[in-house]
Amino acid sequence: EFLNSGDAASYNNCDGCYFLQTADIDLKDVTWEPIGYSGSTCFAGNYDGGGHIIANAHSKGKADTDEEGNYSSTAGIFGWVASGSVQNLHVKTATFEATGKNDYSFVGGITGVCFGASIQNCSVTDSTLESKRNSNNNCAGSIAGYSTGGTFENCAAKKNDIKSMAYGGGFVGEVDDTYGAGSSKFTNCYAADCTVTATTKNL
């Protein structure tokens, strides 16, 4: 909660901090807000799920609104992970949806955006992930909606339903390594039995 309070810089975006999940978490009947939701209000710490599950998370996304009332939106357990890490976390039966207004929307089971971060030993299963837009681009993927310079290792995506109006993928929705964070890397990762629907209408 403190990270999304609008004063993330005061907490150094959790850079250098370590978090350990010690039990399974069931978020049924909880309206989830992704941890970190923009480039300035991102999660830069290290989260270790301890091999545990986060189940039944539900989110309509978190908006980052500009002065003109437009906004990007992110949805996932994390919204935006930058230079940090998430490991040993298993997400099951999540329902994540985000809609941007004249800007991007990013949806992923682990994180909406992976910016130069590391995702290791994680899985997303039996989840529904949808990215919408009124214009501009959007992306959705089982593990991450968007990657620039992300490192993915020993991760699995299984039996997920991914919907997008632009970029969509069973594992990552969009890879764009043009932002100086290095090249995205995938080692021992797979997607199986996922359904991906990406339809772009004339706007």
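Here we summarise the structure given alongside this text. Small disclaimer: the values here were computed from a predicted structure and weren't measured.

In this structure, Val-86, Leu-89, Ile-110 and Ile-119 are the most contacted members of the largest nonpolar core, which totals 34 residues. If you list the elements that add at least two residues to this core, you get β3 (46-55), β7 (78-82), β8 (85-92) and β9 (95-100). Looking at this core, the element that brings in the most residues is β8, giving 3 residues. Setting aside its immediate chain neighbours within four residues, Val-86 contacts Tyr-47, Phe-78, Val-81, Ile-110, Ser-118, Ile-119, Gln-120 and Cys-122. Trp-80, Ala-82, Phe-106 and Val-113 belong to the second-largest nonpolar core, a separate cluster that totals 8 residues.

A separate point is the sheet that holds β9. Taken in spatial order, the 5 strands of this open sheet run β4-β9-β14-β19-β24, and their pairing is parallel. Looking at strand neighbours, the two that pair on one side only are β4 (58-59) and β24 (195-198), the edges of this open sheet. Pairing analysis gives 3 bridges linking strand β14 (residues 128-133) to strand β19 (residues 161-164), with the strands arranged parallel. The residue of β19 that forms the bridge with Thr-128 is Asp-161.

Residues Asp-64, Asp-66, Glu-67, Glu-68 and Asp-103 make up a contiguous surface patch of negative charge. Along the chain, Glu-68 falls in the loop between β5 (62-65) and β6 (71-75). Taking relative accessible area as the criterion, Glu-68 reaches 69% and is therefore assigned exposed.

Strand order in this open sheet of 4 strands is β7-β11-β16-β21, and the pairing throughout is parallel. Looking at strand neighbours, the two that pair on one side only are β7 and β21 (172-175), the edges of this open sheet. Strand after strand, the sheet turns through a mean of 15° between neighbouring axes, direction not considered. The pairing of strand β11 (residues 111-115) with strand β16 (residues 144-148) spans 4 bridges and is parallel. What sits directly across from Phe-115, in β16, is Thr-148.

Basis of the calculations
Residues numbered from 1 in each chain as written. Predicted model: local features only at pLDDT ≥ 70, side-chain atom pairs only at ≥ 80, totals over all residues. Heavy atoms only, no water. Core = buried A, V, L, I, M, F, W, Y, C linked by side-chain atoms within 4.5 Å. Buried < 20%, exposed > 50% of the residue type's maximum accessible area, 1.4 Å probe, protein only. Helix = DSSP H or I, 4+ residues; strand = E, 2+ residues; numbered from the N terminus. Contact = heavy atoms within 4.5 Å. Pairing = 2+ DSSP bridges. Patch = residues over 30% accessible without salt bridge, like charges linked within 9 Å, V, L, I, M, F, W, Y side chains within 5 Å. Areas by Shrake-Rupley, 256 points an atom, 1.4 Å probe, with all protein chains shown as cover. Salt bridge = Lys/Arg side-chain N within 4 Å of Asp/Glu carboxyl O. Lys, Arg positive; Asp, Glu negative; His and termini not counted. Charge placed at Lys NZ, Arg CZ, Asp CG, Glu CD. Axes fitted to C-alpha atoms, helices over the stretch in contact; angles between N-to-C directions.

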